[in-house]
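Analysis of the macromolecular model
For reference, the chains in residue letters:
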Amino acid sequence: MKQLTQRAATVELAIESALQDLGVTKEQVEIQVVENGRKGFLGFGVKQAEVLVTVLEKSKPDPKPAIARVTEPTQTITDDSEVLSSVTKAPQVVQQPQNKAKPLENVVDAEESERVPEAKIYNEKDAIEETKQYIEDMAKEMGIEDLVITYETKGKYINFQLESEKAAFLIGKRGQTLNAIQQLAQLVANKVTKQFKIVRIDVADYRERREQSLEQLADRMADRAVRTKRQVALEPMPSYERKVIHNALSLRLDIETFSEGKDPYRHIVIKGIE
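As a starting point, this report considers the structure included with it. All residue numbers here refer to positions counted from 1 along the written sequence of the relevant chain. Given that the model is predicted, a residue must reach a pLDDT of at least 70 before its local features are reported, and side-chain atom pairs must reach 80 or more before they are shown or counted; all residues, however, enter totals for whole chains, interfaces and linings. Side-chain metrics in this entry use all non-hydrogen atoms of the structure; hydrogen atoms and water are not considered.

Considerations on the packing of aromatic side chains
For Phe, Tyr and Trp, rings pair up if their centres lie within 6.5 Å, where Trp contributes its six-membered ring, and each pair is then called stacked (planes under 30 degrees apart), edge-to-face (over 60) or tilted (otherwise). Within the structure shown, the criterion is met by one aromatic pair. Centre to centre, the rings of Tyr151 and Phe160 are 6.1 Å apart; their planes meet at 50 degrees, and the pair counts as tilted. Taking relative accessible area as the criterion, Phe160 reaches 2% and is therefore assigned buried. Relative accessibility decides the category of a residue: with a 1.4 Å probe and only protein chains considered, values under 20% of the type maximum give buried, values over 50% give exposed, and everything between is partly exposed.

Listed below in structure tokens is the structure:
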């Protein structure tokens, strides 16, 4: 049985990060809240939330590359042109412990769906509309009045596309503002839905350009690791950006990649293979 202990600023963020790292959905795991965490006051007494996520036996998580742990000193890359840091705090959301004596409420078979009204099972439209309104309200607080939002759904993903003359304000330095909006929108969407949803927000195709930049960064850092015969540690990144790095280097036989640390400080390490 596969388990993962994850820590983050809030319970919801810890769960989201664990699900993405394991490659499963919320319906395929059992979640135990170890620590709810707390915000503290003026920077004192801050404590991260911690959850234990156990993959159910019938679940089949996506295969992931083996993670090798090494004790050699790492070389940390701090060049702003090569590394992006996306560390954003989100409001605390308390996850109630699951009742193990009951089956997962999110899983409804075909026979049950015929007996239960559709609105009580799951209403994706309400989730999208409430999330869309939340994004519009945030934009207005930022002084953006010309925001246009379109969206599309693909399975568990809800993809929002934002358009505005002030796109740079929505993206922010190194994409930090956009990442913050996406994290908050994720919380709003899953507050409404009965099934776990992953929200993705893009502005003027920034994500696509960002992925291309990350792939180029991955190749450069891999070449450096091979050339110097030393480990190369990238700066902390969100889980979906770490996935881009892992995927970009998955076919290279001269290096291996693995993640270290806890969110929001989790980062990728690239190691050359002799």
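From this point, things continue past the structure.
Here we look at the sheet that holds strand β2 (residues 29-35)
Two strands qualify as a pair provided DSSP detects at least 2 bridges between them. Runs of H or I in DSSP of at least four residues are treated as helices and runs of E of at least two as strands, each being numbered from the N terminus. What the three strands build is an open sheet, ordered β1-β3-β2; its pairing is antiparallel. With one partner strand each, in any of the chains shown, β1 (3-8) and β2 form the two edges of the open sheet. Sheet twist, expressed as the average angle between the axes of neighbouring strands with direction ignored, equals 20 degrees. Strand direction decides the pairing type here: β1 and strand β3 (residues 49-55), joined by six bridges, are antiparallel. Looking across to β3, one finds that Gln6 is bridged to Val51. Sheet strands in contact with helix α1 (residues 11-22) are β1, β2 and β3, and its direction is about 140 degrees off that of β1. Angles run from 0 to 180 degrees between N-to-C directions of axes, and those axes are lines fitted to C-alpha atoms, restricted for helices to the stretch in contact. Contacts between residues were defined by any pair of non-hydrogen atoms, one from each residue, lying within 4.5 Å.

Things to note about the packing of α1 against helix α8 (residues 239-249)
For the pair α1 and α8, interaxial distance at closest approach is 10 Å and the crossing angle is 20 degrees. With respect to α8, the element α1 is oriented roughly parallel. By crossing handedness, the relation of α1 to α8 is classed as right-handed. Across the interface between the two elements, Ser17, Gln20 and Asp21 of α1 pack against Ser239, Tyr240, Arg242 and Lys243 of α8. Think of it as three bins: nonpolar holds Ala, Val, Leu, Ile, Met, Phe, Trp, Tyr, Cys and Pro, charged holds Asp, Glu, Lys and Arg, and polar takes everything else, Gly as well. By residue class, the composition of the contact of α1 with α8 is one nonpolar, three polar and three charged. Roughly parallel covers angles under 35 degrees, roughly antiparallel covers those over 145, roughly perpendicular covers 65 to 115, and oblique covers all other angles. The handedness criterion is simple: a crossing whose near helix is rotated anticlockwise from the far helix by less than a right angle is left-handed, and one whose near helix is rotated clockwise is right-handed.

Topic: the packing of helix α4 (residues 124-141) against helix α6 (residues 176-192)
Relative to each other, α4 and α6 sit at 145 degrees, their axes nearing to 8 Å. Between α4 and α6 lies a crossing whose hand is right-handed. Between α4 and α6, the contacting residues are Asp126, Ala127, Glu130, Thr131, Tyr134, Ile135 and Met138 on the first element and Ile181, Leu184, Ala185, Val188, Ala189 and Val192 on the second. The residue inventory of the contact of α4 with α6, partitioned by class, reads 10 nonpolar, one polar and two charged.

Focus on α1
Residues three or four positions apart in an α-helix share a direction because the helix packs 3.6 residues into each turn. Each helix should span, by expectation, one fewer than its residue count multiplied by 1.5 Å. The terminal C-alpha atoms of α1, which comprises 12 residues, lie 16 Å apart, in line with the 16 Å expected from a rise of 1.5 Å per residue. Of all the 12 residues making up α1, 12 are buried; the element is thus mostly covered by neighbouring parts of the structure. Considering only its buried residues, α1 is in contact with β1, β2, β3, α6, β7 (198-203) and α8. Downstream of α1 by one or two residues, Gly23 has phi in the positive range, about 75 degrees.

Here's the deal with the environment of Gly272
Locating Gly272 in the fold gives a position in strand β10 (residues 267-272). Considered as a pair, Gly272 and Gln231 are 41 residues apart in the sequence and their alpha carbons are 6.9 Å apart. Excluding its chain neighbours within four sequence positions, the residues that come into contact with Gly272 are Ala225, Asp254 and Ile255.

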